[in-house]
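# Chains, contacts and geometry: an overview
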Amino acid sequence: MCCAKRIVIIGPPGAGKGTQARRLSKEFGYSHISTGDIFRGHVEQKTELGRRIQDTLDRGELVPDPLACEILAHRLSEADCANGYILDGFPRTTAQALALETLLEKRNETLDVAIQLDVADDVLVERLTNRRICPSCGKIYNLESNPPVKPGHCDKVPCNGAVLEHRDDDKELTIRGRLRVYHKTTEPVLAFYEDRAILDSLECSNLGPDEVQAEVMAMICKVQTA
Ligand code: AMP
């Protein structure tokens, strides 16, 4: 018997899905799959797909379900996913949750747990407007609660003072739009996983990243899989 190894993290933008998924992937040796990172990678590389989805991402809207599902299916087919994976940002609609279920059935797999990180909207707006990201190592800073030592630059030695970035979709107007999309389109996914009896939820408006990590690790370890 071992802990959960196929994990979905669901929560509004800024809830800490990426931070937790990165930490958990290190702790458990699972692959961290962020569809948002994959899409942003395409935009940065100016691929044909990147050019098609750039406006959608900038507006904080969702890319169409078939495209998101195709990207996810392709990523899951890579060898590193055999040990376990943490999905961060997928599924975001009930249609995506159903498509994932079908895909996993074909692979003879099931999801072990869906973890909801819940945070109040006002806390999220404050977090995201202050969020800065190192383009080199992915470290996330907050200008108020976790600022870099040298303003505007990453602290990590290998990043050599990389200039921190403010994601275009982390501006207040876009954030409010992304929160609307989350409440309307992604929240129904919670009911989907509740029906499958694999949903576990954590209210983390007042918790720091270490406290959230401890709680989430306990959630993962209490699920026993064959
Ligand atoms: P994230 O980094 O997870 O906040 O995702 C950034 C953006 O990528 C979102 O606002 C969407 O435009 C797009 N995106 C990421 N994952 C999905 C998904 N599963 N379905 C549709 N759009 C997505």
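Our subject in this report is the structure included herewith. Small disclaimer: the values here were computed from a predicted structure and weren't measured.

## Focus: the pattern of salt bridges
Under the counting rule described, the total for this entry stands at 16 salt bridges. Note that Arg131 is salt-bridged to Asp170, the shortest N-O span being 3.0 Å. Taken together, the residues Arg131 in strand S5 (residues 131-133) and Asp170 in the loop between strand S6 (140-142) and helix H7 (172-195) connect sequence positions 39 residues apart. The pair formed by Arg131 and Asp170 is uniform in burial state, with each residue classed as buried.

## Focus: the site of the ligand
Neighbouring the ligand are 15 residues, the closest being Thr35, Arg40, Glu61, Gly89 and Gln96. Residue Arg92 places a side-chain N or O atom 3.0 Å away from an oxygen atom belonging to the ligand. The side chain of Arg178 places a nitrogen or oxygen atom 3.3 Å from an oxygen atom of the ligand. Summarising the interface, the protein chains cover 96% of the accessible area of the ligand, which totals 480 Å² for the free molecule. Top contributing element to the shell around the ligand by residue count: helix H2 (residues 35-45), with four residues. Across the shell around the ligand, the residue classes break down as six nonpolar, four polar and five charged.

## Structural notes on the packing of H2 against helix H3 (residues 48-59)
One can describe the packing of H2 onto H3 by two numbers: an axis separation of 8 Å at closest approach and a directional angle of 115 degrees. Crossing of H2 against H3: the hand is left-handed. Contact residues: Phe39, Arg40, His42 and Val43 in H2; Leu49, Gly50, Ile53, Gln54 and Leu57 in H3. Here the contact of H2 with H3 is built from residues that sort into five nonpolar, three polar and one charged.

How each quantity is defined
Residues numbered from 1 in each chain as written. Predicted model: local features only at pLDDT ≥ 70, side-chain atom pairs only at ≥ 80, totals over all residues. Heavy atoms only, no water. Salt bridge = Lys/Arg side-chain N within 4 Å of Asp/Glu carboxyl O. Helix = DSSP H or I, 4+ residues; strand = E, 2+ residues; numbered from the N terminus. Buried < 20%, exposed > 50% of the residue type's maximum accessible area, 1.4 Å probe, protein only. Near = heavy atom within 4 Å. Polar contact = N/O pair within 3.5 Å; in protein donor to acceptor, adjacent residues only side chain to side chain. Areas by Shrake-Rupley, 256 points an atom, 1.4 Å probe, with all protein chains shown as cover. Nonpolar A, V, L, I, M, F, W, Y, C, P; charged D, E, K, R; others polar. Axes fitted to C-alpha atoms, helices over the stretch in contact; angles between N-to-C directions. Left-handed = near helix turned anticlockwise from the far one by under 90°. Contact = heavy atoms within 4.5 Å.

These values are about where atoms sit, not about what they do.
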